[in-house]
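# Structure at a glance
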Amino acid sequence: MHLTYREWWSLAHGFVFGGGFLLSFAGVMIVMYGLRREDLTERGVAQHVLWLKLGTAAMAVAAWGTVILGTWVMYPWYRSGGAKAALLSSSQTSNWDKFGMEWKQHIAWMAPFLATTVAFLAVYFGERLANDRRLRLLTLVLFMGAFGAAAIAGLFGALITKISPVV
Amino acid sequence: MDENKIDKPTGPAFASIVAAALAAATLGLLATLAEVFDGLGDWLAFSGRVGMLSGETIIAIAVYFVSWAGLAILWRRSNPPLRLIVAITAALIAAGLLGTFPLFFRMFGVEE
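In this report, the structure presented in the accompanying data block is examined. From a predicted model like this one, the values you see are computed outputs, not experimental measurements.

Attention now moves to the overall build of chain A. Regarding its fold elements, chain A presents seven helices and zero strands. Counting helices and strands in the order they occur from the N terminus, chain A gives α-α-α-α-α-α-α. Based on the C-alpha atoms only, the size of chain A along its principal axes is roughly 60 × 30 × 20 Å. Going through the 167 residues of chain A one by one, you find that 51% of them count as buried. Sequence separation of at least 24 residues holds for 79% of the intrachain contacts in chain A that already meet a minimum separation of 6. Split by element, the accessible area of chain A, about 8,000 Å² in all, is 68% carbon and sulfur. Taking the 14 positively charged and 8 negatively charged side chains of chain A as two groups, their mean positions are separated by 5 Å.

The structure is reproduced here in structure tokens:
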């Protein structure tokens, strides 16, 4: 298997950082959802909080890595390397750029903002999230928002790359 | 639980939430305005390679961290009402989602 220089960067952007973020979601979600004082021992709460802090912090880093590489490394190649022009050359594919890429490149940036905030909430509130249902729910909703933004961006990224790859 | 333990104020944490929503709204506002006004789009092209997305995202990042710091200082000892924070956050994120949705900014007659 041979990958070009740009394909290695694409792998880091979409698979390592982006894929890592999306794949981590289920695990961190289970930890966050299960963080209830009434269902856990003291030790269980402490362990859940530790995993929540580590998981959300790692996901925030992954989200930043994904959008920074996507915007500053991959997107210039997409614009100038022929992938964008190839999509725009046909009315059958032009909406993948005009709608898909336009939406993806913006909505993706909501993920690191929301993921960083979720990580901060986990660190700041810690075990209080196990006691306060409203704070836990708020954190959960923001976390799902970060995932939703990343999932939309990831889906369009994968489809656009399939149709017109950056090579 | 220690009943004498006093919870930290929610202000700094809520500041982070509102800051994220403000950053999302900033992205939406700039994405729409940059498409509507050519001059703004050109100005936002901080990097020629990236185009106006560079300016939009750099400004949104600045809004996120500066507003977080500002609100955290403002609310460092307070507990802003959760309902108000949720309402502000929901409205700002909705504005951000709307403003970054291509079918929305095309309503203003943007031509590619």
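Still more to cover.
On the chain B side, the residues contacting the 31 residues of chain A number 44 residues. Summing both partners gives a buried area of about 3,400 Å² for chain A against chain B, and 73% of it is carried by carbon and sulfur. The largest share of the area that chain A buries against chain B comes from A:His106, A:Phe113 and A:Tyr124, three residues that together contribute 20% of it. One salt bridge connects B:Asp7 with A:Arg128, and the closest N-O pair in it is separated by 3.6 Å. Broken down by secondary-structure element, the contributors of at least two residues to the side of chain A that touches chain B are helix H2 (42-80), helix H4 (94-107), helix H5 (110-125), helix H6 (128-131) and helix H7 (133-163) of chain A.

Let's shift gears to the packing of H4(A) against H7(A). Residues and elements named next belong to chain A. Running from amino to carboxyl end, H4 crosses H7 at an angle of 140°, the nearest separation of the two axes being 9 Å. Between H4 and H7, the angle falls in the class oblique. Remark: the crossing between H4 and H7 carries left-handed chirality. Every residue of H7 that contacts H4 at Trp96, Phe99, Gly100, Met101, Trp103, Lys104 and Ile107 is listed here: Ala149, Ile152, Ala153, Phe156, Gly157, Leu159, Ile160 and Ile163. Partitioned by chemical class, the residues of the contact of H4 with H7 number twelve nonpolar, two polar and one charged.

Reading guide: rules and limits
Residues numbered from 1 in each chain as written. Chains lettered and ligands numbered in written order. Predicted model: local features only at pLDDT ≥ 70, side-chain atom pairs only at ≥ 80, totals over all residues. Heavy atoms only, no water. Helix = DSSP H or I, 4+ residues; strand = E, 2+ residues; numbered from the N terminus. Buried < 20%, exposed > 50% of the residue type's maximum accessible area, 1.4 Å probe, protein only. Contact = heavy atoms within 4.5 Å. Areas by Shrake-Rupley, 256 points an atom, 1.4 Å probe, with all protein chains shown as cover. Lys, Arg positive; Asp, Glu negative; His and termini not counted. Charge placed at Lys NZ, Arg CZ, Asp CG, Glu CD. Buried area = accessible area lost by both parts, 1.4 Å probe. Salt bridge = Lys/Arg side-chain N within 4 Å of Asp/Glu carboxyl O. Axes fitted to C-alpha atoms, helices over the stretch in contact; angles between N-to-C directions. Parallel < 35°, antiparallel > 145°, perpendicular 65-115°, else oblique. Left-handed = near helix turned anticlockwise from the far one by under 90°. Nonpolar A, V, L, I, M, F, W, Y, C, P; charged D, E, K, R; others polar.

Functional significance is not addressed by these values, which are geometric in nature.
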